[in-house]
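Topology and contacts: notes
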Amino acid sequence: MANTNDEARRGAQNAAVTIRDVAERAGVAVSTASRALGNGSASEATREKVRRAAMELNFVPNAAAKRLPSGRSNVVALVVNEPTTFLFQDDFISGMLGQLSLSLTSRGLLPFLVLASPEDSEGFNDLLMRSGCEGVIVASIHEGRALVDNLKKFDKPAVFVGKPPESFKCPFVDVDNFDGGFQAGHRLLERGCTRLAVIEGPRDMPTPRERTAGFRAALQEAGLEPVATYSGSYEMQNGIASMERIIKEHPEVDGVFAHSDRIAAGVIHVLARNNKRVPEDVAVVGFDDLQVATLLNPQLTTLAQPVADLADAAAEMLHHRLNTGEWKVMSQRFPVRLVVRESA
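Computed from a prediction, not measured in an experiment: that's the story for all the values here. Within each chain, residues carry numbers counting from 1 in the order of the written sequence. Residues qualify for local features only when their pLDDT is at least 70, as the model is predicted, and side-chain atom pairs are given and counted only at 80 or more; totals for whole chains, interfaces and linings, by contrast, use all residues. Hydrogens and waters are ignored; side-chain quantities use all the structure's heavy atoms.

Turning our attention to the overall build of the protein chain. Runs of H or I in DSSP of at least four residues are treated as helices and runs of E of at least two as strands, each being numbered from the N terminus. When its secondary structure is counted, the protein chain shows 15 helices and twelve strands. We call two residues contacting when some pair of their heavy atoms lies within 4.5 Å. Nonlocal contacts in the protein chain, meaning residues at least 24 apart in sequence, comprise 71% of its contacts between residues at least 6 apart. Areas reported here follow the Shrake-Rupley algorithm with a probe of radius 1.4 Å; residue values treat only the protein chains shown as occluding. Surface exposure of the protein chain reaches about 15,500 Å², of which carbon and sulfur atoms provide 50%.

Shown next, in the form of structure tokens:
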């Protein structure tokens, strides 16, 4: 029994040792340790130093990394910094992850989903270190969360879908959110709306600020300001709660710009409950052009995001960096397209 316990204890210790631990013991960067252990480019002296550190720590290399003769695992972590339930509720994120998986696998890369709970940065950091991944694509990020600090410490290239926080200079792909907001405002003004409200996504993300700035710019050209601005999640519940406040505090409202189609769905639900006709009494414009846009009654006028183009651009940016050691471009922005339907 004693021998079994000793073996179990040694196994647990091995599982707890990461490539970062080996790098620290050897006095080299994590990427250098990874190359040295995986037959990548490293001097013989460095290779010997890293191997000695690995032996002293009883380090067991990640199985994925050992599959390839180059020592590269070709694994890419897809990171969503949201509660676990968010992935199954948000159509944009789930669609983006599907497209990213297709784009990565077509380039010979292996996607690995990491759901980074905002409350468990330590667990996320440990999972990321153990994954053996060569790079990271972040599909959702909020300012002020520990994930950014973890990624700064992680010695692997990262690409963001959506503009990263100002404190983290990192390559990214995004859409022209300012222009999207401007088009939404212009469309509502064209319909004759003069008392307009905006329901934003989370304010701790750059995207909502850009969309609202574009919307305000369109209104300012007409000498107007929004009568109300509320923020929350991108979910339907935000649309319901915010529209109930708007109806109560600003019953004169005749146009609403919702930062997501799911927010817009909540808006239309509240308007119907209050006997407000769409678009005759209140016109509504969403953002995303998800499936829900055509399932609503009336169907939703919205700004379409090129999800496949965003995913492919992010995958290509990271693929080029992994193959060449350099970034081909640091950012790419794509236009959004106004899709006119019945709601505005």
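Now, onward.
Put simply, buried Ala, Val, Leu, Ile, Met, Phe, Trp, Tyr and Cys residues joined by side-chain atoms within 4.5 Å make one nonpolar core. Whether a residue is buried, partly exposed or exposed follows from its accessible area with a 1.4 Å probe, protein chains only, as a fraction of its type maximum: under 20%, in between, or over 50%, in that order. Ile137, Leu188, Met243 and Val284 are the most contacted members of the largest nonpolar core, which has 70 residues in total. Not counting residues up to four positions away in its chain, the partners in contact with Leu188 are Cys193, Leu196, Phe215, Gly255, Val256, Phe257, Ala283, Val284, Val285 and Ala344. Core analysis: the second largest hydrophobic core is formed by 19 residues, Ala77, Leu128, Ile141 and Phe154 among them.

Before going further, it helps to spend a moment on helix α4 (residues 44–56). Because each turn of an α-helix spans 3.6 residues, side chains separated by three or four positions in sequence point in the same direction. In this model α4 runs 18 Å from its N-terminal to its C-terminal C-alpha over 13 residues, within 8% of the 18 Å that 1.5 Å per residue would give. If you check which residues of α4 are buried, you get Thr46, Arg47, Val50, Ala53 and Ala54. Projected onto a plane normal to the axis of α4, the buried residues spread over an arc of 130° and lie on a single side. Away from its buried face, by an angle of more than 90 degrees, α4 presents the exposed residues Glu44, Ala45 and Met55. Asn58 occupies a position one or two residues after α4 and carries a positive phi of about 55°. The span one expects for a helix is its residue count, reduced by one, times 1.5 Å. Working note: the arc is built from the helix axis to C-beta atom directions.

On to helix α11 (residues 206–221), then. Over its 16 residues, α11 runs 23 Å from end to end, which matches the ideal 22 Å to within 8%, given 1.5 Å per residue. By the burial criterion, the buried members of α11 are Pro206, Thr207, Pro208, Glu210, Arg211, Thr212, Gly214, Phe215, Ala217, Ala218 and Leu219. Tucked inside the fold, the buried residues of α11 contact β5 (172–175), α10 (177–190), β6 (196–200), β8 (255–258), β9 (283–288) and β11 (331–334). Positive backbone phi, at 75°, marks Gly223, one or two positions downstream of α11.

The term salt bridge refers to a pairing of a side-chain nitrogen on Lys or Arg with a carboxyl oxygen on Asp or Glu at a separation within 4 Å. Inspection of every chain in the model, using the stated rule, returns 17 salt bridges. A salt bridge links Arg273 to Glu244; its shortest N-O distance comes to 2.3 Å. Linking Arg273 in helix α13 (residues 261–273) with Glu244 in helix α12 (residues 236–249), this pair joins segments that are 29 residues apart in sequence.

Moving on, we get to the packing of aromatic side chains. Under the pairing criterion, centres of Phe, Tyr and Trp rings, with the six-membered ring standing for Trp, must be within 6.5 Å; the plane angle then separates stacked pairs below 30 degrees from edge-to-face pairs above 60, leaving the rest tilted. Across all of its chains, the model carries two aromatic pairs by this definition. Both rings, one in Phe215 and one in Phe257, keep their centres 5.2 Å apart while their planes meet at 35°; by these two values the pair is tilted. Placement of the pair is Phe215 in helix α11 and Phe257 in strand β8, with a sequence separation of 42 residues. Judged by relative accessible area, which is 0%, Phe215 ranks as buried. With a centroid separation of 6.5 Å and 45° between ring planes, the pair formed by Phe257 and Phe287 is classed as tilted. Of this pair, Phe257 sits in strand β8 while Phe287 sits in strand β9, and the two are 30 residues apart along the sequence. Here Phe257 and Phe287 have matching classes, each one buried. Taken together, the ring pairs connect Phe215, Phe257 and Phe287 into an aromatic cluster. For the cation-ring pair, Arg211 lies above Phe287, with the distance from its terminal atom to the ring centre recorded as 3.6 Å. Charges are assigned to positions over rings by a cutoff of 6 Å between ring centre and Lys NZ or Arg CZ, combined with an angular limit of 35 degrees from the ring normal.

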